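Letter by letter, the chains look like this.
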Amino acid sequence: MSKTVTATAAVRLTDIAKRFPGVIANHDVDVTITPGTVHALVGENGAGKSTLMKILYGVQKPDDGTISVGGEQVTFASPADAISQGIGMVFQHFQLADNLTVLENVVLGAEKLHGIKQQARDEIERLSSAYGFGLDPEELVESLGVGQRQRVEILKVLYRGARIIILDEPTAVLVPQEVDALFANLRELKREGHTLVFISHKLDEVLAVADEITVLRRGTTVATVEPSSVTAHDLAELMVGAELPSPSTAESTVTDEVVLDVAGLRVDDAAGRSLLHEVSLRIHAGEVLGIAGVEGNGQTELVEAVIGMRPAAAGSVALGGDDVTGWDTRRRRAAGIGYIPEDRHRHGLLLGAPLWENRILGHQTRPPSTRGVWINRPGAAEDSQRIVESYDVRTPGVDANAGALSGGNQQKFIVGREMSGDPVLLVAAHPTRGVDVGAQAAIWDQIRAARRQGLAVLLVSADLDEVIGLSDTIRAVLRGRLTDEFDPQTVTPQELGAAMTGAGTQPQAQP
Amino acid sequence: MSRARRLGLTLIAPLIAVVAAALVTSLVLLGVGESVGEFWAVVLSVPSSRLMVTIVNNASVLYLSGLAAAIGFRMNLFNIGVEGQYRVATFAGAYFAGLALLPGVLNTLVAIGVAMAAGAAWAGIAAVLRVTRGVSEVISTIMLNAIAGGLVAFLLRELGEQQGQIRRTTTIPESAWVPGIPLIPGEPSLVYGLALLALVAGVGYAVVLNRTRFGFDLRATGASETAAVASGVNVKRMTVAALLLSGAVAGLIGMPDLFGDSHAYGSTIQVGLGFTGIAVALVGRNHPAGIALGALIFAFLSVQSNALGIIAGISPEIVAVTQGVVVLSVVIAYEVVRRYQLRIEQTEVARALEREPAAGSEVGT
């Protein structure tokens, strides 16, 4: 066998495609991962990174395309097949049993490799010292910090013989010092010949650790670059797409009437750490305020604090002049807040209930879904039919269960529902995530039309097309703080991308 | 999906379950060397009119018990404490009625109210523990069952009176008794007058759960707590309300017998009704009509089995196996049918999409 100039790829994904009902998660994906390198996979939320990794790890089967590992074409029926090919995955959410020791967690499910006693302990100690993990096999996982737990997860996949390790947003849960330690571990692993696939959307980190970077956008690979040849700005541009929609040229509909007035809002998590710091914003009738940001920077908390699902640790929320800080969710929604949640399955729908019942959800206090204390079945069904027709929801009827609809159609139904009953404020979190382009345009049109009628909109999105195309005012959120305002007519995607990823030299969050 | 098809699928699950239960019971009988033919001959014989009345009486009580459990189930709350709630409530109602503070029917009505309040209060302990301290209602209600047994025995000793071998509360004055209903012409034994409570409670359950905002909130919380919270449901308040309601209905379980037959609470009170109610609610899938069917099946099996020992020489306890298998197979059959239903529904939606190719999703072209 003659030796080719380029070494055999550790993993080669060719023309991978994956479709779900109504959505194409991946198409024409080509990735070649060189052995012994750190290969970063970057892209916005919804760009198809996680589906791609699930395909590589055998959780899902591709509809099209081929996977080859070490030059040989393979098909994975389950993660067990991937593991046997030396592929391991470290999930963002740790899968560890707190009340077991490091040793017990590592051998769990892999008892046949080195038993569960001394031999296993030796192997763990060997791996731990070889890669500088510094883990004690006898320590209880509950006493470990986040960084150490992550090392246990990595140790688990090494113990199972993985040579190719996928790390799904490994830095999302880490503080900066822990990130440095992780990167040191990764370099150690690389030196020992392991191949690492690093999924992230934090551009500075990617540039710091990766040897090659593949950018995914809207389900497909758009470029593979070397970190030495690109800047964070370039990457941000690749991630969000260089071609930008012309900002809505319609005349401004912003009025003087303040609908939502958030002042000095602070939100803490259960442990007392602040997730939102001193957030102040105002939205007027007829105004769309777009909050651009990468997920996990506090926008979920902002939305939930406005809706009343999360208490404010400090500051106030006022709706149309009323201080609603102490109001519960129901009272706020009855006062005219529409809510398009970021996770429609968890917060937006009852999947096992028919559409007409879902019409009632969140509108329990208002006609036409209810009449006093009574449910108005015909009213809810009739209005569901209206939503189905005017929002082009593809469904056999309003008796169909919400769970049977495709994601895009579920989303259109939610948007239609939340636009019902003349809301004064619409809180829209990623309103077009996971929907096809046709539905996306329809949803944007509906939001623009409602804005002309005087609706105030708090738009949270990671999609810059959406934020720039819809908003009258844009602010970026980074680590729980809002930046100053950007004007959608003049802002460049680079400026915005930099503000939301913290990349480069653009001015960051104003305190 | 057409309504007819939906209904057909709903009915097929219990049918599968009953057939499976019959098969398993037969296999168990074969395994222990009993006569399968004789067993079914006895169990499936047409009951005498006296036994029919007994079946209706038992079923009405089981129905109330099933409803009490189902109220919790609809919200994903497992009120295992129906048994304890029912005993505390029946004692409270019997003691109050025995005091004869009020005349005639008024005494009956208020005593029923007292029983419901007592049942609700007993369930309320579990509710408060859950919403304030996060204690699982499964654990707390099981413990409260044990405490209820001891509490009632203690109260009976303190407040009851000795009648022969047993200790019981003061007999309720005759003016407060509820006369029976002659269900079958010519049959001297009567159906409990308060069996009608089961009917009222069943209608109330159906109306409240399916037609009111409160019921919607309760079902929404059971279906998806996160979605319910986002829609403005106060889950803690709903938890308390659902457990109080469940306890109040549990308080009704003892009333038909108390005012129709026993006229006092004594150590002969029927135990286990609360637990059987959980099984009945499972068989009935928390549907008001389904629970009625489940209650009838359970009552029928246990009444018919009494003759097994005499006629066929088979221990009547064998029907406990039948009842158990009914529960298990119902749970399995419903899950199978649910998945099948979901699949055909998704296929239908996909077909509706194909008819309109404009719905194509050309992401990122």
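Source: prediction; values computed, not measured.

Reading guide: rules and limits
- Residues numbered from 1 in each chain as written.
- Chains lettered and ligands numbered in written order.
- Predicted model: local features only at pLDDT ≥ 70, side-chain atom pairs only at ≥ 80, totals over all residues.
- Pairing = 2+ DSSP bridges.
- Helix = DSSP H or I, 4+ residues; strand = E, 2+ residues; numbered from the N terminus.
- Axes fitted to C-alpha atoms, helices over the stretch in contact; angles between N-to-C directions.
- Contact = placed C-beta atoms within 7 Å.
- Buried ≥ 20, exposed ≤ 12 C-beta atoms within 10 Å, placed from the backbone.
- Core = buried A, V, L, I, M, F, W, Y, C linked by C-beta atoms within 7 Å.

J.: Help me out: how do you make sense of the sheet that holds strand β8 (residues 195-200) of chain A in this one?
T.: Hydrogen bonds between backbone groups are what pair the strands of a sheet, and the pairing can be parallel or antiparallel. Residues and elements named next belong to chain A. Read across the open sheet, the six strands follow the order β6-β7-β8-β3-β9-β10; overall the sheet is mixed. If you trace the sheet from one side to the other, it starts and ends with β6 (87-90) and β10 (220-225), each paired once. Neighbouring strand axes in the sheet, compared pairwise and without regard to direction, differ in orientation by 20° on average. Relative to strand β9 (residues 212-217), strand β3 (residues 38-42) runs parallel, the two being bridged by four bridges. Looking at β9, one finds that V42 is bridged to V215. In the packing of helix α1 (residues 49-56) onto the sheet, contacts are made with β3, β6, β7 (164-168), β8 and β9, and the angle to β7 comes to roughly 150°. Contacting β6 and β7, helix α6 (residues 146-159) crosses the sheet at an angle of about 165° to β6.

J.: I would appreciate a short explanation of the sheet that holds strand β11 (residues 258-268) of chain A in the present structure.
T.: Residues and elements named next belong to chain A. The strand order across the open sheet built from four strands is β12-β11-β14-β15, with neighbouring strands paired in antiparallel fashion. Looking at strand neighbours, the two that pair on one side only are β12 (274-284) and β15 (322-323), the edges of this open sheet. As paired elements, β11 and strand β14 (residues 314-319) share five bridges and run antiparallel to each other. Within β14, the position partnered with R266 by the bridge is A314.

J.: Help me understand the pairing of strand β21 (residues 473-478) of chain A in this model?
T.: Looking down a regular strand, the side chains alternate between one sheet face and the other. Residue and element names in this part refer to chain A. The pairing of strand β13 (residues 288-292) with β21 spans four bridges and is classified as parallel. Its bridge partner lying in β21, A292 is registered against A476. Relative to strand β22 (residues 481-482), β21 runs antiparallel, the two being bridged by two bridges. Looking at the pairing, L478 lines up with R481 of β22. Linkage of β21 to β22, two consecutive antiparallel strands, is achieved through a turn of two residues, within which R479 is found at a positive phi near 50°.

J.: Is there a simple way to explain the environment of V262 of chain A in this structure?
T.: Residue and element names in this part refer to chain A. Structurally, the position occupied by V262 is in strand β11. A C-alpha to C-alpha distance of 35 Å links V262 and D392, two positions 130 residues apart in sequence. When sequence neighbours within four positions are dropped, the list of residues in contact with V262 reads V279, S280, L281, V306 and V317.

J.: Is there a simple way to think about helix α12 (residues 273-283) of chain B in this case?
T.: Each α-helix turn comprises 3.6 residues. Residues three or four places apart therefore point the same way. Residues and elements named next belong to chain B. With ten of eleven residues buried, α12 lies mostly within the body of the structure. Every buried residue of α12 is listed here: L273, G274, T276, G277, I278, A279, V280, A281, L282 and V283. Immediately downstream of α12, the backbone of R285 shows phi near 50°, a positive value.

J.: How do you make sense of the environment of A100 of chain B when you look at a structure like this?
T.: All names here are of chain B. Within the element layout of this structure, A100 appears in the loop between α4 (82-99) and α5 (104-133). Given 15 C-beta atoms within a 10 Å radius, A100 is considered partly exposed. The spatial distance from the C-alpha of A100 to the C-alpha of V131 is 38 Å, given a sequence separation of 31 residues. Leaving out residues up to four positions away in the same chain, A100 has contacts with N107 and P173.

J.: Help me out: how do you make sense of the nonpolar core in this one?
T.: Side chains of nonpolar character tend, in soluble globular proteins, to be buried together. Membership of the largest hydrophobic core comes to 255 residues, with the highest contact counts inside it found for V427 and L458 of chain A together with L64 of chain B. At 14 residues, the largest contribution of residues to this core is made by helix α3 (residues 49-73) of chain B. Sequence-distant contacts of V427 of chain A, that is, excluding residues within four places in its chain, are made with V303, V306, I307, I337, G338, Y339 and L458 of chain A.

By themselves, these figures tell us nothing about what the structure is for.
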